[in-house]
Amino acid sequence: MNPIGGSFGPQQAHQFGFIQKQKQDVLETLATGLRINRGADDPAGLVSSEQLRAMLAELEAESASLERARGSARVADRSLGEIGDLLIEAEGLAVANANTAGLSEAEREANQMELNSILSAVDRVASSTSFKDTPLLRGGTTLDVSAGSVSLPSAAVTDLGSTEINGELYTLADVGSGGRFSIESGDTGSALEIIRAARQEAIFAQAEVGAFEMHAIEPREAGLSVAIESLAAAESSIRDTDYAKATAALARLDVLENASLRISSAGGKFDPNQLIRLLR
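Residues numbered from 1 in each chain as written. Predicted model: local features only at pLDDT ≥ 70, side-chain atom pairs only at ≥ 80, totals over all residues. Heavy atoms only, no water.

### Thoughts on the overall build of the chain
For clarity, the threshold we go by: Numbering of helices and strands starts at the N terminus; helices are DSSP runs of H or I of at least 4 residues and strands are runs of E of at least 2. Think of it in three bands: with a 1.4 Å probe and only protein chains considered, a residue is buried below 20% of the maximum accessible area for its type, exposed above 50%, and partly exposed in between. Residues count as neighbours in contact if any of their non-hydrogen atoms are within 4.5 Å of one another. Method for areas: the Shrake-Rupley scheme with a 1.4 Å probe, in which residue coverage is limited to the protein chains shown.
Broken down by element type, the chain carries 6 helices and 6 strands. The helix and strand sequence of the chain, counted from the amino end, reads α-α-α-β-β-β-β-β-β-α-α-α. Every one of the 280 residues in the chain was classed for burial, and the buried ones make up 38%. The contacts in the chain between residues at least 6 apart in sequence include a share of 70% that link residues at least 24 apart. Split by element, the accessible area of the chain, about 15200 Å² in all, is 53% carbon and sulfur.

### Quick notes on the packing of aromatic side chains
Applied cut-off: Aromatic contacts are taken between Phe, Tyr and Trp rings whose centres are within 6.5 Å, Trp giving its six-membered ring; a plane angle under 30 degrees counts as stacked, one over 60 as edge-to-face, and the others as tilted.
Applying the stated criterion across every chain yields a total of 1 aromatic pair. Relative to F181, the ring of Y170 lies with its centre 4.8 Å away and its plane at 80°, an arrangement referred to as edge-to-face. One end of the pair, Y170, is in strand β6 (residues 168–170); the other, F181, is in the loop between β6 and α4 (188–239), and 11 residues separate them in sequence. Note on accessibility: Y170 and F181 belong to one class, buried.

So, in structure tokens, the structure goes:
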């Protein structure tokens with residue numbers, strides 16, 4: 001029996017059940033937004049879709065890795081730039097102390113104190129520069145992506161500006177108070193050589209990081225973006241619901257369902273087989 005009070009013959013009952021099954025499938029695709037909800041919906045399409053999804057997952061993981069590398073590179077770039085600015089100030093202080101004419105001893109000591117403060121600031125920048133708890137300027141850190149890599153130097157004053165003088169190696173730490181080439185000791189020429197070497201090292205490291213971002217990260221990101229967009233579109237075309245088509249199918253099935261019910265309620269007034277054939 002149907003809701004209107006008529007009755008179906010075996011053929012009409014089968015036809016009505018078939019319409020109900022189709023309608024249920026269309027409603028499911030509209031509810032989930034997916035044309036393929038189980039393997040039986042489209043076995044070949046499911047295989048193709050899953051392969052595309054696996055490829056997308058790999059590309060998206062690489063894209064996330066590139067984004068982390070970009071973040072690390074930019075943090076290191078800014079910190080190295082800050083260190084370079086500090087060392088320009090340090091170089092100015094060394095030059096000032098090298099010109100002793102008219103410079104009092106107190107002024108020379110004040111310049112040394114200011115230089116000591118700059119060296120402390122360089123050390124703080126080097127020790128605090130990190131990206132997501134990964135230290136960047138303490139030595140031994142390499143930013144590595146599929147298209148290239150860059151090794152970041154240690155920017156600690158005990159490592160920066162390594163310069164050989166009279167057969168021995170000295171670093172930026174040796175221009176501080178108590179160091180072999182403090183700028184109040186009189187040998188400001190060697191102090192300037194070390195400071196300039198340290199500044200050049202920071203500048204070149206910053207340039208290398210910039211080149212890494214420009215030539216290794218950015219081109220690969222652009223290529224990945226195009227590939228991800230293309231794969232996502234291909235996967236969507238296979239698996240996702242075509243809402244216009246599904247909505248039209250649902251409207252058609254509603255008509256067929258209502259027609260089947262009306263045929264049943266009309267009893268012998270209509271030839272149900274002929275009407276169903278016309279509706280199909």
